[in-house]
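A closer look at the structure
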Amino acid sequence: MAMSGLRSFTRNMATAAKINNVVVIGGGLMGSGIAQVAAATGHNVKLVEMNDELVQKAIGGIRKSLERVAKKQFKDDTAKGQQFINETLAKIKGETKPENAAQDADLVVEAIVERMDVKHQLFSKLDVSAPAHTIFASNTSSLSIAEIGSVTKRQDRFGGLHFFNPVPVMKLLEIIRTDFTSDETYNCLVAFGKRLGKSCISCKDTPGFVVNRLLVPYMAEAIRLLERGDASPRDIDTAMKLGAGYPMGPIELLDYVGLDTTNNILQGWHEKYPENPLFKPIKTLEKLVSEGKLGVKSGEGFYAYKK
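Residues numbered from 1 in each chain as written. Predicted model: local features only at pLDDT ≥ 70, side-chain atom pairs only at ≥ 80, totals over all residues. Heavy atoms only, no water.

This paragraph deals with the overall build of the chain. Scanning the chain for helices and strands turns up 13 helices and 8 strands. Its C-alpha radius of gyration of 21 Å places the chain within 12% of the 19 Å reference for a compact globule of 307 residues. The buried share of the chain, taken over its 307 residues, is 44%. In the chain, 65% of the contacts between residues at least 6 apart in sequence involve partners at least 24 apart. (Helix = DSSP H or I, 4+ residues; strand = E, 2+ residues; numbered from the N terminus. Rg over C-alpha atoms; globule rule 2.2 N^0.38 Å. Buried < 20%, exposed > 50% of the residue type's maximum accessible area, 1.4 Å probe, protein only. Contact = heavy atoms within 4.5 Å.)

Below you can see the structure in the form of structure tokens.
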């Protein structure tokens with residue numbers, strides 16, 4: 001390795017070593033998944049939820065997830081599997097006050113509701129309580145990272161870490177850098193992602209980044225096919241599975257993602273970019289959401305599911 005390469009490698013490793021204490025805000029599916037993989041890879045994790053009951057619920061969910069991992073990874077050695085579960089859980093501490101949790105954080109990852117005003121309130125508070133070196137990141141799938149970070153005085157230490165559900169299983173991590181994100185911050189986020197065992201890709205701060213920017217219009221176009229009466233839901237799904245090799249068809253995927261989630265993303269993008277026809281809200285989607293048909297999680301969406 002050339003000296004310049006060695007120097008940059010050493011510098012990146014030194015930067016990576018800075019992230020030891022990770023705070024995850026939000027203990028839902030995404031937040032608890034991020035907390036789990038961070039703890040399993042040796043980070044000290046504080047998981048923040050609104051009250052103790054929600055903290056315990058999130059940690060209980062992580063325990064179940066770890067049991068599944070241990071069953072797979074240590075099927076011939078249950079003692080080792082139990083050790084893995086115990087050691088990972090020992091790395092996670094629950095917390096109900098974000099400001100307290102952030103006081104010794106190297107990295108704060110936000111995984112709360114997709115509302116800009118709520119994220120602004122949170123990061124305004126955290127900016128005051130977190131040390132100067134702390135990097136802030138959002139797991140948003142559809143909002144602008146720069147806009148989320150605009151309320152802080154550390155826009156150079158602000159980026160996006162977009163994980164995919166379920167976090168312990170899905171290998172991809174989209175790392176988003178804004179026009180203000182420093183090289184050091186970006187390198188630090190990449191090194192963190194790699195330490196988690198993720199395959200990292202880089203993306204600018206554009207609507208939906210890479211995956212959702214392609215996926216949401218694709219799912220929307222599938223609904224428009226339905227609205228025109230061009231094909232049935234089953235035939236659309238079968239077409240994409242057998243004709244394009246996709247593991248799941250677009251209508252099935254909509255139900256899995258949540259019709260409310262997709263609808264919120266489309267509406268948000270449409271408000272910001274009203275001239276883009278790909279982001280036009282869809283009446284069928286809005287109707288199903290208003291009827292409480294949200295997909296798999298509610299028992300019915302485009303398809304019906306046994307609860």
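On we go.
Our next topic: the packing of helix α2 (residues 29-40) against helix α3 (residues 52-73). It is the contact of α2 with α3, at a shortest axis distance of 10 Å, that shows an interaxial angle of 55 degrees. On the basis of their axis angle, the class for α2 and α3 is oblique. As for the relative orientation of α2 and α3, their crossing is right-handed in sense. Between α2 and α3, the contacting residues are S32, A35 and Q36 on the first element and A58, I62, S65, L66 and V69 on the second. (Axes fitted to C-alpha atoms, helices over the stretch in contact; angles between N-to-C directions. Parallel < 35°, antiparallel > 145°, perpendicular 65-115°, else oblique. Left-handed = near helix turned anticlockwise from the far one by under 90°.)

The next point concerns the pattern of salt bridges. Under the counting rule described, the total for this entry stands at 16 salt bridges. Here E147 and K272 are joined by a salt bridge, their closest N and O atoms 3.1 Å apart. Taken together, the residues span a long stretch of sequence, with E147 in helix α7 (residues 145-149) and K272 in helix α12 (residues 259-272) at a distance of 125 residues. A residue is classified by how much of its surface remains accessible, and E147, at 32% relative accessible area, is partly exposed. We note a salt bridge from R224 to E221, for which the minimum N-O separation is 3.4 Å. Placement of the pair is R224 and E221 together in helix α9 (residues 211-227), with a separation of 3 residues, close to one helical turn. (Salt bridge = Lys/Arg side-chain N within 4 Å of Asp/Glu carboxyl O.)

We now examine the side chain of T185. Among the structural elements, T185 can be located in helix α8 (residues 183-195). A distance of 2.9 Å separates a polar atom in the side chain of T185 from a polar atom in the side chain of S182. Excluding its chain neighbours within four sequence positions, the residues that come into contact with T185 are I135, D156, R157 and F158. (Polar contact = N/O pair within 3.5 Å; in protein donor to acceptor, adjacent residues only side chain to side chain.)

With that out of the way, let us pick up the layout of surface pockets. The calculated volume of the second largest pocket comes to roughly 820 Å³. Taken together, 32 residues form the lining of the second largest pocket, with G33, Q36, S65, R68 and P168 sitting closest to its centre. Looking at the lining of the second largest pocket, the elements with two or more residues in it are α2 and α3. Counting residues per element, the lining of the second largest pocket draws most heavily on α3, at 12 residues. (1 Å grid on protein atoms, 1.4 Å probe; cavity = no way out; pocket = protein on both sides within 12 Å on 5 of 7 lines; lining within 4 Å. Points joined across faces, edges and corners; volume = space filled by probe spheres on them.)

Take the packing of aromatic side chains next. Applying the stated criterion across every chain, the model contains 7 aromatic pairs. Their ring planes at 65 degrees and their centres at 4.9 Å tell us that F123 and F158 sit as a pair that is edge-to-face. Remark: F158 occurs in strand β6 (residues 158-162) and F123 occurs in helix α6 (residues 116-129); sequence separation between them is 35 residues. Given the relative accessible area of 1%, F158 is considered buried. Here a set of aromatic residues connected by ring pairs shows up, and it is made of F123, F136 and F158. (Phe/Tyr/Trp six-rings, centres within 6.5 Å; stacked < 30°, edge-to-face > 60°.)

One pass over the full model with this rule turns up 1 cavity of 30 Å³ or more. For the largest cavity, the calculated volume is near 30 Å³. The wall of the largest cavity is formed by I145, A146, G149, S150, Q155, F158, T178 and F180. It is α7 that provides the largest number of residues to the lining of the largest cavity, a total of 3 residues. Residues belonging to the lining of the largest cavity are distributed by class as follows: 4 nonpolar, 4 polar and no charged. (Nonpolar A, V, L, I, M, F, W, Y, C, P; charged D, E, K, R; others polar.)

The next thing to look at is the nonpolar core. By size, the foremost hydrophobic cluster in this structure holds 37 residues, and its most contacted members are L107, L161 and F163. Formed by 21 residues, the second largest nonpolar core is a distinct cluster that contains Y218, L254, L259 and L266. (Core = buried A, V, L, I, M, F, W, Y, C linked by side-chain atoms within 4.5 Å.)

What follows is about the packing of α12 against helix α13 (residues 283-290). Helix packing geometry: the angle between the two helix axes and the distance between the axes. Following both chains from N to C, one finds α12 and α13 inclined at 130 degrees, their axes separated by 9 Å at the closest point. As the angle between them shows, α12 and α13 are arranged oblique. For the crossing formed where α12 meets α13, the hand is left-handed. Contacts between α12 and α13 pair L259, D260, T262, N263, L266 and Q267 from the former with L285, E286, L288 and V289 from the latter.

Spatially, the 8 strands line up as an open sheet ordered β3-β2-β1-β4-β5-β6-β7-β8, and their pairing is mixed. What marks the edges here is a single partner per strand, and that holds for β3 (92-95) and β8 (199-204). On average, each strand axis in the sheet is tilted by 25 degrees relative to the strand beside it, whichever way the strands run. Note that strand β4 (residues 107-110) and strand β5 (residues 135-138) share 4 bridges and pair parallel. (Pairing = 2+ DSSP bridges.)

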